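# A look at the structure
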Number of protein chains: 2
Amino acid sequence: MSDTDDPQADDPQAARPHTGRRRNEAAHRAILDAALHLLAESDGTPVTIDAIARTAGVGKQTVYRWWPSKGAVLLDALTDRADRDVSDHPDTGALRTDLRAFIETTFDAAQRSTTASALRTVAREAARDPHLADLMRTFTETRRSALHELLTRGRERGELAGDADLDLIVDQVYGVFWYRFLLGHGPLDTAVAERLADTLVTGNDAPGPATRS
Amino acid sequence: MSDTDDPQADDPQAARPHTGRRRNEAAHRAILDAALHLLAESDGTPVTIDAIARTAGVGKQTVYRWWPSKGAVLLDALTDRADRDVSDHPDTGALRTDLRAFIETTFDAAQRSTTASALRTVAREAARDPHLADLMRTFTETRRSALHELLTRGRERGELAGDADLDLIVDQVYGVFWYRFLLGHGPLDTAVAERLADTLVTGNDAPGPATRS
DNA sequence: TGATTGTCGAGACTGTTAGTCTTGTCAACC
DNA sequence: GGTTGACAAGACTAACAGTCTCGACAATCA
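Rules used throughout
- Residues numbered from 1 in each chain as written.
- Chains lettered and ligands numbered in written order.
- Predicted model: local features only at pLDDT ≥ 70, side-chain atom pairs only at ≥ 80, totals over all residues.
- Heavy atoms only, no water.
- 1 Å grid on protein atoms, 1.4 Å probe; cavity = no way out; pocket = protein on both sides within 12 Å on 5 of 7 lines; lining within 4 Å.
- Points joined across faces, edges and corners; volume = space filled by probe spheres on them.
- Helix = DSSP H or I, 4+ residues; strand = E, 2+ residues; numbered from the N terminus.
- Nonpolar A, V, L, I, M, F, W, Y, C, P; charged D, E, K, R; others polar.
- Near = heavy atom within 4 Å.
- Polar contact = N/O pair within 3.5 Å; in protein donor to acceptor, adjacent residues only side chain to side chain.
- Contact = heavy atoms within 4.5 Å.
- Buried area = accessible area lost by both parts, 1.4 Å probe.
- Salt bridge = Lys/Arg side-chain N within 4 Å of Asp/Glu carboxyl O.
- Expected span 1.5 Å × (residues − 1).
- Buried < 20%, exposed > 50% of the residue type's maximum accessible area, 1.4 Å probe, protein only.
- Axes fitted to C-alpha atoms, helices over the stretch in contact; angles between N-to-C directions.
- Parallel < 35°, antiparallel > 145°, perpendicular 65-115°, else oblique.
- Left-handed = near helix turned anticlockwise from the far one by under 90°.
- Least-squares fit on C-alpha atoms with pLDDT ≥ 70 in both.

A word on the layout of surface pockets. Reported here for the largest pocket is a volume of approximately 1,100 Å³. In this structure, the largest pocket is lined by 40 residues; those nearest its centre are Ala123, Ala127 and Leu182 of chain A together with Ala127 and Leu182 of chain B. Elements that contribute at least two residues to the lining of the largest pocket include exactly helix 6 (113–128), helix 7 (130–156) and helix 8 (166–183) of chain A together with helix 6 (113–126), helix 7 (130–156) and helix 8 (166–183) of chain B. Counted by class, the lining of the largest pocket contains 22 nonpolar, eight polar and 10 charged residues.

The following block contains the structure:
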C-alpha cells in the first residue's frame, strides 16, 4: 500500500518532480516490524499506536503519514506475514486431498504462535474499527475465493455434485475455523482438518460405498 | 441474573440485616429496557453506558450497582430477549427435520431486526471486553450443547454414524452462522438452513422420509 | 551558499468512553 | 428523629485514536 509518492523521473502533470526530504523506507519497515512484534506478543490485549511508534522509534505522525488508521497498520503487518504463509495450494488432482491440504495448511498457519495472536488481535480490533473491518472483509474474501476455486476444479472433475453449494462449503470450512479459533473451545488440528474435508466431499462423492444416486 | 435481593414482603429468615432504602426494581427494568432499546437501534455502533443511564433516567452508578460492567448489562439485556426466542426445539422424531428446524429457528431468531443488531453489537463488544467475552462463551456454550443433544438423540436412533464427530457438526452449524452473520457476505435464509442440515446428515445417513418438494 | 519544501521524532492536544468517586436527596427501618 | 444505604446527577480519572505543532534535518533548486 501507499507508494503513490516520489516519481523521481518524469511527472507528466507538473514540472516539479519532488522537492524536500524523501520518505524514509527504514521507518516504514521499522513500523511494520514493531507492529508485527507487538501483535505477536499481545495475546488479545489491544496494540496501541503509541506502543508501535515508540517501539519503532518513530513519531506517531510518521505512522499516520503512511497508513490511514491503526487498523491499516495492523492488517498490513499481518498480511506481510500471512502472505508468506498461505503461499500456494498445490493441485494434487483429487478434490479430497486438495481440500485436506488446504484446510490443514490454513489451520497450521493460523496456529503458529506468532501468527495466532496477531490474527486474533486483528480480528478483535476489526470488531470495533469499521475501517479495519472493511480491510478484513477483503482479506477473508481473498481466502474464500482461493478455496472456492479449488472446489470449482473438483466439481469440474465431477467430484462434487453439479448443484453443490460451493459458497456454503467454503463457509463451512472458514466458519468452523474462525469459530473455533476465536472461541477456542475446540481443536483445530490435523485430525479435524481431515474429518472436515472428508465430510464435505462425502456428502456428494463417496469414498467407497456410494451413498446417493 | 441478579435477583438475590429485596424480598419486598417478609423474609422468613429472622432479623433482617438490611436497613436503609431498598433497591428500586423499576430502575433495574428501566436499565434493561433502555439497553435493549439502544442495542436494537444501534447498528454496529457501540452502546455507551452513559446513553443507557440517560435513556433509563438513571444515574450511572445505579447501573454499576446492579451489574459489574457494561458487557454484563448488554448480555443481560440480550439474553432477556434471546431466551424468549430460543425456547424449545421440538423432537420431531427424525434427525433431518429436527436439525432443519433448529437451524432455521436459529437463523430466523438472529435476524429478527431487533435481535440482529443487538447480537451483532454484543458480539463486537465481546471482542474487546474480556469480561463480556467470558459471558459470551457460556452463552454460546449453552446453544452448542442444545444442538449437541439433538444430534445425540439422532445418533442413538441410528441416524448418524456411531463415530460421527458431533462437536464438529455443531461447530459447522454455528461456524457458518456466526461467520455469515458477522461478515454478512452470504445469506442465512431458509434455503441455506435446509441445505446445511441436509449436508450434515447426508454424509452418514441416506435421505429417509421424503421431505423435499 | 542559502531558500524552499516536505519528512522526521517528540510530544502536546482533543474527543470519547469505561469505570470510580462525590454530593446532596430520599426512602425504609430503628 | 436518627441511621443506613439506594438514588440521580455529574465531576473525575485513565486509556487511547487521531490531529496538530514545533524545531531539526534532508533533498533539491536558484
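Now that the structure has been shown, the text picks up again.
Close to DNA strand C lie 25 residues, the nearest being Thr62 of chain A together with Arg22, Lys60, Gln61 and Lys70 of chain B. Within 4 Å of the protein, the contacting atoms of DNA strand C are drawn from sugar and phosphate to the extent of 65%. Here Tyr64 of chain B contributes a side-chain N or O atom positioned 2.9 Å from a phosphate oxygen of DNA strand C. When contributions to the surface near DNA strand C are tallied by element, the ones reaching two or more residues are helix 3 (60–66) of chain A together with helix 3 (60–66) of chain B. Counting residues per element, the surface near DNA strand C draws most heavily on helix 3 of chain A, at four residues.

Right, let's get into the interface of chain A and chain B. On the chain B side, the residues contacting the 30 residues of chain A number 30 residues. Of the roughly 2,900 Å² buried at the junction of chain A and chain B (both faces included), carbon and sulfur atoms supply 57%. Interface area lost by chain A to chain B is led by Arg128, Leu168 and Tyr179 of chain A, which between them contribute 23%. Summed over the shared surface of chain A and chain B, the number is six salt bridges. A salt bridge links Arg195 of chain A to Asp165 of chain B; its shortest N-O distance comes to 2.1 Å. At the junction of chain A and chain B, the tally comes to 12 residue pairs in polar contact (both at pLDDT 80 or more). For the side of chain A that touches chain B, the secondary-structure elements that each account for two or more residues are helix 6, helix 7, helix 8 and helix 9 (190–202) of chain A.

Another aspect to go through is the protein's contact with DNA strand D. Taken together, 25 residues lie near DNA strand D, and Arg22, Lys60 and Gln61 of chain A together with Asn24 and Thr62 of chain B sit nearest. Of what DNA strand D places within 4 Å of the protein, 64% of the atoms are sugar or phosphate. In this structure, Tyr64 of chain A approaches DNA strand D through a side-chain N or O atom, which is 2.9 Å from a phosphate oxygen. Residues of the surface near DNA strand D, tallied by class, amount to five nonpolar, 12 polar and eight charged.

Let us now look at the environment of Asp189 of chain B. Looking at where Asp189 of chain B falls in the secondary structure, it is placed in the loop between helix 8 and helix 9 (190–202). Spatially, the C-alpha atom of Asp189 of chain B lies 12 Å from that of Arg112 of chain B, the residues being 77 residues apart in sequence.

What follows covers helix 6 of chain A. Residue and element names in this part refer to chain A. For helix 6, spanning 16 residues, the distance from its first C-alpha to its last is 24 Å, which sits close to the expected 22 Å at 1.5 Å a residue. Within helix 6, 12 of the 16 residues are buried, leaving the element largely enclosed by the surrounding structure. Those residues of helix 6 that sit buried are Thr115, Ala116, Ser117, Ala118, Leu119, Arg120, Thr121, Val122, Ala123, Glu125, Ala126 and Ala127.

Turning next to the packing of helix 7 of chain A against helix 8 of chain A. Residue and element names in this part refer to chain A. Where helix 7 meets helix 8, the closest approach of the two axes is 9 Å, and the angle between their N-to-C directions is 130 degrees. Taken as axis vectors, helix 7 and helix 8 run oblique relative to one another. Crossing of helix 7 against helix 8: the hand is right-handed. Contact residues: helix 7 offers Met136, Thr140, Arg143, Arg144, Leu147, His148, Leu151, Thr152 and Arg155, while helix 8 offers Leu166, Asp167, Ile169, Val170, Asp171, Val173, Tyr174 and Trp178.

Attention now goes to the relation of the copies chain A and chain B. The operation relating chain A to chain B is a screw motion whose rotation component is 180 degrees, with 0.0 Å of axial translation and a residual RMSD of 0.1 Å. Accordingly, the operation relating the two chain copies is best matched by a two-fold axis. Taken as a fraction of all interface residues of chain A, those also at the interface in chain B reach 97%, which identifies the copy contact as same-surface.

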